[in-house]
Amino acid sequence: MFRSTAIAVAAPPGTRGEKESMRRFGSTLCVIVFMLTFVEMADGQQIFWVQASFGGPKIRTCDSVGNSLSTASLAPAALPHGLALHQRSSSLFWGSGAYTLAHIVRTTQTFAPSDTLPNGGLGSSIQGVALDTVAGKVYWTTSRIGQGCSVRRANLDGTGEDTLISYAPNGIHNLRGIALDLEHHTMYWSDPGAGVIRSATLDGANPQDILTGLAGPIGVALDVLGGRVYWCEANGHVIKRANLDGSLPSTIVSTIGSPQYVAVDRQSNTVFWTELGARGRGKIRRAALDGANVQTLLGDQAADSVQYPSGIAVLGSNTATGVEGSALPAEFALKQNYPNPFNP
């Protein structure tokens, strides 16, 4: 959103030194006005989620208070799970939960016709999706159905598929959410079958449990700048967080329903999640990162029916700057502007 920014400047006296000072000030002034306007346009959020109802799967969006609702129906039995947002290309990626021929699907933020990436035939349903926007990779987890669960990645066009982590079929492992810390070259994923959250490098090396004894962990999200990992425990009916190494875990929200997938927007100090209730009725909810001010955006009213909500993603308030994840500018520069009213 744009907002005007006004700066008043008094006309300087006419000495040469003062003119030189104002010439330099004029160069800086235009940059400051531009930066203020640029930052102030970057407020507002858009929430996206998928609904995995077998007979009527959908992808939906609303604003940060539950208004401006928009819905697109997906193919029957698509069973969408997981959701990841590629801001620069205005694309959404989610996984098919089909028991056979599972695949990654991509569409635009306006729900233009979707396309299936050429990585089909995985045999196990896809549950979580995450993006490495720097290296141009999509990561996903698969459940234990069929070929056994795994963590995989491919190029954003679906080529170059690679299995990073794998488990034998019919074991206790059953992977769900996944999140990437690009700054520290680390990925995190949940395993509700084993009751753990694990981490490894982005190429799958050094896998380790960072949190154990969890009651059905599903969604995982990161606040890299804040040094925190957030997750949902569906069986424990809680949203929790801990340091990125798994230390100091704490409960921030207790829920009546079963929380499923989670997303974090650090710029607005907000955590969003999907919550599943009886007979598939769900909710889209939000709270501050410390768990304060819990609100339900959608799902309390019949007209806002949210059936089997699954993956969730946030187009956050830092989007207009083109900064994704934890990336921040490392260098700034000021240059002479032309024409300069103080140095015509």
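Residues numbered from 1 in each chain as written. Predicted model: local features only at pLDDT ≥ 70, side-chain atom pairs only at ≥ 80, totals over all residues. Heavy atoms only, no water.

Enquirer: I'm lost on the layout of surface pockets in this one. Help?
Expert: Gaps left between atoms show up when a probe the size of a water molecule is rolled over them. Size it by volume and the second largest pocket reaches roughly 400 Å³. In terms of lining, the second largest pocket is formed by 21 residues, of which the most central are H81, Q127, R176, Q260 and Y261. When contributions to the lining of the second largest pocket are tallied by element, the ones reaching two or more residues are β20 (258-265) and β24 (309-315). (1 Å grid on protein atoms, 1.4 Å probe; cavity = no way out; pocket = protein on both sides within 12 Å on 5 of 7 lines; lining within 4 Å. Points joined across faces, edges and corners; volume = space filled by probe spheres on them. Helix = DSSP H or I, 4+ residues; strand = E, 2+ residues; numbered from the N terminus.)

Enquirer: Would you explain the packing of aromatic side chains in this entry?
Expert: Pairs of aromatic rings are described using the distance from one ring centre to the other and the angle between the two planes. By the definition in use, this model includes one aromatic pair. Seen in terms of ring centroids, F48 and F111 are 6.3 Å apart; in terms of plane orientation they differ by 80°. Their pairing is edge-to-face. With F48 in strand β1 (residues 46-51) and F111 in the loop between β6 (104-108) and β7 (115-116), this residue pair connects regions lying 63 residues apart in the sequence. Like F48, the residue F111 is buried in the burial classification. (Phe/Tyr/Trp six-rings, centres within 6.5 Å; stacked < 30°, edge-to-face > 60°. Buried < 20%, exposed > 50% of the residue type's maximum accessible area, 1.4 Å probe, protein only.)

Enquirer: For this particular structure, what's the right way to read unusual backbone geometry?
Expert: When glycine is set aside, most residues are seen to have a negative phi, and most peptide bonds are trans. For F111, which is not a glycine, the phi torsion comes out positive at approximately 65°. Unlike most non-glycine residues, H237 shows phi in positive territory, near 60°. If you trace the backbone, H237 turns up in the loop between β17 (228-233) and β18 (238-243).

Enquirer: Honestly, the pairing of β18 in this entry has me stumped. Any pointers?
Expert: Looking along a regular strand, one sees the side chains alternate between the two faces of the sheet. Across the six residues of β18, five count as buried, placing the element largely inside the fold. Taking the residues between adjacent antiparallel strands as the criterion, β17 and β18 are bridged by four residues, where H237 takes a positive phi near 60°. By the bridge criterion, four bridges tie β18 to strand β19 (residues 250-254) in an arrangement that is antiparallel. Bridge pairing in β19 places R241 opposite S250. If you look at the hairpin formed by β18 and β19, you'll find six residues sitting between the two strands, and G246 has a positive phi there, around 90°. (Pairing = 2+ DSSP bridges.)

Enquirer: When you look at the sheet that holds β24 in this model, what are you seeing that I'm missing?
Expert: The strands that make up a sheet pair up through hydrogen bonds in the backbone, lying either parallel or antiparallel. An order of β3-β2-β1-β24 is seen for the four strands of this open sheet, with the pairing classed as antiparallel. Edge positions in the open sheet fall to β3 (70-73) and β24, since each of these has one partner strand only. With strand direction ignored, the average angle separating the axes of adjacent strands in the sheet is 15°. (Axes fitted to C-alpha atoms, helices over the stretch in contact; angles between N-to-C directions.)

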